[in-house]
Amino acid sequence: MTGDFNGDGKADLAGVNSAGAIYYTTNLTTWYNIPGTLSHLVAGDFNGDGKADLAGVNSKGAIYYTTNLTTWHNIPGTLSRLVAGDFNGDGKADLAGLNSAGAIYYTTNLTSWYNIPGALSSTGDRRLQRRRQSRPGRRQQQRRHLLHHQLFRLDSNLRPVIWACRGY
């Protein structure tokens with residue numbers, strides 16, 4: 001995934017390898033390890049300082065975020081997929097995700113989760129598909145639209161493995 005982690009105006013890279021180790025680079029030559037293990041990672045400016053931060057879920061679904069690329073903070077709950085976007089228009093990134101049953105949740109304060117009616121499922125090709133159709137309001141449509149996200153992981157040799165995640 002990309003984000004400007006050091007605030008120099010250039011895109012940087014971050015990802016997780018097959019063992020769940022988290023890495024980022026700001027110069028495209030040196031990878032830095034962030035302590036911890038995650039199975040899924042997203043980027044967004046969660047604290048509004050103009051630098052991209054990271055959030056992710058581990059193999060058990062626990063949700064974490066960091067605003068300094070060293071210390072992880074837990075957000076109560078469990079999710080299997082996660083995306084970042086500014087859902088309330090305050091200029092800071094928020095999080096949305098799916099739990100193992102496909103229920104959709106979002107947070108704008110990184111502490112409390114709110115349910116969005118409906119359910120999505122993640123298929124083997126990483127496309128999110130709607131399982132139950134409802135007549136969502138404009139805000140729900142905007143949140144579902146933000147589930148469009150390009151993702152990549154780093155393999156054990158720190159090479160990016162790219163896949164796409166598309167919301168419907």
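Residues numbered from 1 in each chain as written. Predicted model: local features only at pLDDT ≥ 70, side-chain atom pairs only at ≥ 80, totals over all residues. Heavy atoms only, no water.

Participant: Provide a residue-level description of the overall build of the protein, including the pertinent values.
Facilitator: The number of helices and strands found in the protein is 1 helix and 15 strands. Evaluated residue by residue, the protein yields a buried proportion of 46% over its 168 residues. A separation threshold of at least 6 residues defines the contact pool for the protein, and within that pool the share at least 24 residues apart is 34%. Surface exposure of the protein reaches about 8500 Å², of which carbon and sulfur atoms provide 47%. (Helix = DSSP H or I, 4+ residues; strand = E, 2+ residues; numbered from the N terminus. Buried < 20%, exposed > 50% of the residue type's maximum accessible area, 1.4 Å probe, protein only. Contact = heavy atoms within 4.5 Å. Areas by Shrake-Rupley, 256 points an atom, 1.4 Å probe, with all protein chains shown as cover.)

Participant: Can you break down the packing of aromatic side chains residue by residue, with the values?
Facilitator: When we look at a pair of aromatic rings, we describe it by the centre distance and by the angle of the planes. In this structure the tally under the stated criterion is 4 aromatic pairs. Chaining the aromatic ring pairs together yields one cluster made of Phe5, Tyr24 and Tyr32. (Phe/Tyr/Trp six-rings, centres within 6.5 Å; stacked < 30°, edge-to-face > 60°.)

Participant: Explain the side chain of Asn17 residue by residue, including any values.
Facilitator: Position of Asn17 among the secondary structure elements: in the loop between strand S2 (12-16) and strand S3 (21-25). A polar side-chain atom of Asn17 sits 2.9 Å from the main-chain amide nitrogen of Ala19. (Polar contact = N/O pair within 3.5 Å; in protein donor to acceptor, adjacent residues only side chain to side chain.)

Participant: So, the sheet that holds S2: which residues are in play, and what are the values?
Facilitator: Taken in spatial order, the 4 strands make up an open sheet running S1-S2-S3-S4, and their pairing is antiparallel. In the strand order of this sheet, the two ends are held by strand S1 (2-3) and strand S4 (32-37), each with one partner. In this sheet, S4 lies alongside S3 in antiparallel orientation, the contact comprising 4 bridges. Within the sheet, the bridge partner assigned to Ala21 lies in S4 and is Thr37. (Pairing = 2+ DSSP bridges.)

Participant: Go over the environment of Lys92, please, and point to the residues and values.
Facilitator: Its place among the elements puts Lys92 in the loop between strand S9 (81-85) and strand S10 (94-98). Classification of Lys92 as partly exposed rests on a relative accessible area of 34%. Sequence separation between Lys92 and Phe46 is 46 residues; the distance between their C-alpha atoms is 5.2 Å. In this structure, Lys92 is in contact with Asp45, Phe46, Asn47, Gly48 and Asp86, ignoring residues within four places of it in sequence.

Participant: Could you give me a rundown of unusual backbone geometry, with the residues and numbers involved?
Facilitator: Peptide bonds are mostly trans, and most non-glycine residues show a negative phi. One non-glycine residue with positive phi stands out, namely Leu69, at about 60°. Mapped onto the elements, Leu69 comes out in the loop between strand S7 (62-66) and strand S8 (73-78). Using a relative accessible area of 11% as the deciding quantity, one classes Leu69 as buried. Positive phi, close to 60°, is recorded for Leu110, a residue that is not glycine. Following the sequence through the fold, Leu110 ends up in the loop between strand S11 (103-107) and strand S12 (114-122). Residue classification places Leu110 among the buried residues on the basis of a relative accessible area of 11%.

Participant: Describe the sheet that holds S8, naming the residues involved and giving the relevant values.
Facilitator: Reading across from one edge, S5-S6-S7-S8 is the order of the 4 strands in this open sheet, with antiparallel pairing throughout. Of all the strands in the sheet, the pair left with one neighbour each is strand S5 (40-44) and S8. In this sheet, neighbouring strand axes are inclined to one another by 20° on average, regardless of whether the strands run parallel or antiparallel. Bridge count between strand S6 (residues 53-57) and S7: 4 bridges; the pairing is antiparallel. Counted as the bridge partner of Val57 is Ile63 from S7. (Axes fitted to C-alpha atoms, helices over the stretch in contact; angles between N-to-C directions.)

Participant: Please provide a residue-by-residue account of the environment of Tyr65, values included.
Facilitator: For Tyr65, the position within the fold is in strand S7. Overall, the relative accessible area of 16% leaves Tyr65 in the buried class. Distance in space between the C-alpha atoms of Tyr65 and Leu110 is 8.5 Å, their sequence separation being 45 residues. Not counting residues within four places of it along the chain, the set of residues in contact with Tyr65 comprises Phe46, Leu54, Ala55, Thr71, Trp72, His73, Ile75 and Leu110.

Coordinates in, geometry out; function isn't part of it.
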